[in-house]
Amino acid sequence: MTVESVRPKDTTATAEPPVAGGAVPLLGHGWRLARDPLAFLSQLRDHGDVVRLKLGPKTVYAVTTPALTGAVALSPDYIIAGPLWESLESLLGKEGVATANGPLHRRQRRTIQPAFRLDAIPSYGPIMVEEAYALVERWRAGGPLDITAESFRAAVRVTARCLMRGSYMDDRAERICTDLATLFSGMYQRMVVPLGPLYKVPLPANREFNRALADLHVLVDEIIADRRASGQKPDDLLTALLDAKDDNGDPIGEQEIHDQVIAILTPGAETVGSTLMSLLLVLTEHPELGDKIRGEVKSVVGDRPITFEDVRKLTYTANVVTETLRLYPAVWILTRRAVADTELGGYRIPKGADLIYSPYAIQRDRRSYERNEDFDPDRWLPERSKDVPKYAMSPFSVGNRKCPSDHFSMAELTLITAVVAHGYRFEHASNSDPRHRIGITLRPRRLMLRALPR
């Protein structure tokens, strides 16, 4: 697939995209993005395929159609940059695979890709199974469950034990989850309301943000130091990073190792944890889905425990996960930057311009999906999924920025969903608030559940 096959390139275009309505002085559209971003982004397609927004003093180009978001993701004219990545820079740094561009990014992909090959993933199966059953075993005690803590804890432990093997992560999982919750909330505010110097004022929110950021960086340094002090070299991603060489054959620098570990922990904790929360919300609000999953498990597995080898046969369960990723994508907003004067959808995009697009809006668009707001796992049956427009469903992105852990994450989410749905039904506990929590990632605001044994 080439960019030209999506949309012919024409750098002679001179038309400016239309400006979205609703801007306010000083903040521009940042106020609407901060107040109700999902609704705001979802209605932008009604105003054009490409729309101009004002975020403070910046002009940003919003891309609203599947074909054009695919073109942006695949084109070398757009790189990882813009308001989202600037807000994440203090966390992810500039030398990790999530934020690097060009030759550095390609070399880093080569370093980490072996850990996520399809033939490597089954070796993680016993760890995923152990953590999934540990999760449901803890719930046997009864009482209300804080699903935020439960989901993030499971996600962190699976990521750490599979990719950075060692029990030294056990006592750090809670700190990582707490830190990331604070950071991702603050970073979203910094993206949509870019008031720069004001975020350095020692207000309580700024102090809490800075404390969480400093603690997470200390945690990463401790993880790296512990591995080196152990003298062990298990076959995992952390060993690959510590042994990696740069293009000159020299060991990669300490900052790159640090940023790469951050890039491993962050999606493992935040995006997978957020998706687990949404999956448990779906099972709570649609109990018939849990019944069907339980029926599939009994048909495929029988009375024995679920194993990793069963995952590829649990097709209905996987479709529930896929539909959750469609309606509740953890990564709901993305930005890019143009590195050349180019054209998109017939409009001129100047060099240096920032672009923004929303997988949430794209994946709920009524022009791409029948009954677009309904939760329907069967839309991913082979005979129906072929009708979904190209790039209308890209929860792991596409092209050279596609998440390298997509198969790892799908296996993990499918396995955990099967185990918990087989063992429990769910109902809301007091003080549960399932509304969207808008941060850099999307997840329920405060999900408190009761797990009812089947």
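The present account deals with the structure reproduced in this document. Position numbers for residues start from 1 in each chain and track the written sequence from start to end. Local features are withheld for residues below a pLDDT of 70 in this predicted model, meaning they are given only at 70 or higher, and side-chain atom pairs are given and counted only at 80 or more; totals for whole chains, interfaces and linings count all residues. As a convention, hydrogens and water are excluded, and side-chain values are obtained from all of the structure's heavy atoms.

## Structural notes on the packing of helix α13 (residues 287-301) against helix α14 (residues 315-327)
Between α13 and α14, the least distance of the axes is 8 Å, while the angle of their chain directions is 145 degrees. Residues L289, K292, I293 and E296 of α13 form the contact with α14, whose own contacting residues are T315, Y316, T317 and V320. Classes in brief: Ala, Val, Leu, Ile, Met, Phe, Trp, Tyr, Cys and Pro nonpolar; Asp, Glu, Lys and Arg charged; the others, Gly included, polar. Residues that form the contact of α13 with α14 fall into these classes: four nonpolar, two polar and two charged. Where helices are involved, their axes are fitted lines through C-alpha atoms of the stretch in contact, as for all axes, and angles between N-to-C directions lie from 0 to 180°. By the criteria applied, helices consist of DSSP H or I runs no shorter than four residues and strands consist of E runs no shorter than two, each listed in order from the N terminus. Any two residues whose heavy atoms approach within 4.5 Å at even a single point are treated as in contact.

## Overview of the packing of α13 against helix α17 (residues 406-423)
Close contact between α13 and α17 brings their axes to 8 Å; oriented N to C, the two are set at 105 degrees. Considering their axes alone, α13 and α17 lie roughly perpendicular with respect to each other. Contacts between α13 and α17 involve G290, I293, R294, V297 and K298 on the former and, on the latter, T417, A418, A421 and H422. Of the residues belonging to the contact of α13 with α17, the class tally is four nonpolar, three polar and two charged. Any angle from 65 to 115 degrees is called roughly perpendicular, while one under 35 is roughly parallel, one over 145 is roughly antiparallel, and all others are oblique.

## Considering the side chain of D365
Mapping D365 onto the fold places it in the loop between α15 (359-363) and α16 (382-385). Only protein chains enter the area calculation, which uses a 1.4 Å probe; residues under 20% of their type maximum are buried, those over 50% are exposed, and those in between are partly exposed. Take D365: its relative accessible area is 7%, and that puts it in the buried class. Setting aside residues up to four positions removed in sequence, D365 forms contacts with R45 and N372.

## With respect to the layout of surface pockets
Method remark: on a 1 Å grid restricted to protein atoms, a set of points is classed as a cavity if a 1.4 Å probe fits but cannot get out and as a pocket if it is open with protein on both sides within 12 Å along at least five of seven lines; lining residues have an atom within 4 Å of a point. Grid points are joined across faces, edges and corners, and a volume is the space filled by probe spheres set on the points. Of the voids in this model, the largest pocket is the one considered here, and its volume is about 570 Å³. Every residue lining the largest pocket is counted, 24 residues in all, and those nearest its centre are F396, D406, H407, M410 and A411. Elements represented by at least two residues in the lining of the largest pocket include exactly α14 and α17. Element by element, the count of residues in the lining of the largest pocket is highest for α17, at five residues. Tallied by class, the residues present in the lining of the largest pocket amount to 14 nonpolar, six polar and four charged.

## Thoughts on the pattern of salt bridges
The term salt bridge refers to a pairing of a side-chain nitrogen on Lys or Arg with a carboxyl oxygen on Asp or Glu at a separation within 4 Å. Per the stated rule, a full pass over the model turns up 33 salt bridges. A salt bridge links E131 to R157, with the shortest nitrogen-to-oxygen separation between them at 3.0 Å. With E131 in helix α7 (residues 125-138) and R157 in helix α8 (residues 147-163), this residue pair connects regions lying 26 residues apart in the sequence. Given the relative accessible area of 5%, E131 is considered buried. Between R454 and D291 there is a salt bridge, and its shortest N-O distance comes to 3.0 Å. Residue R454 is found in the segment after β12 (448-453), and its partner D291 is found in helix α13; the two are separated by 163 residues along the sequence. Several salt bridges share partner residues, and in doing so they unite R45, D46, D365, R366 and R367 into one network.

## Notes on α13
In a helix, the anticipated span is given by 1.5 Å times the number of residues less one. With 15 residues, α13 should reach 21 Å at 1.5 Å per residue; the first-to-last C-alpha distance of 21 Å fits that figure. Buried residues of α13: L289, G290, I293, E296, V297 and V301, and no others. Projection of α13 onto a plane perpendicular to its axis shows the buried side chains occupying an angular sector of 120 degrees, all on one side. G302 sits one or two positions beyond α13 and adopts a positive phi of about 80 degrees. To be clear, the arc concerns the directions from the helix axis to the C-beta atoms.

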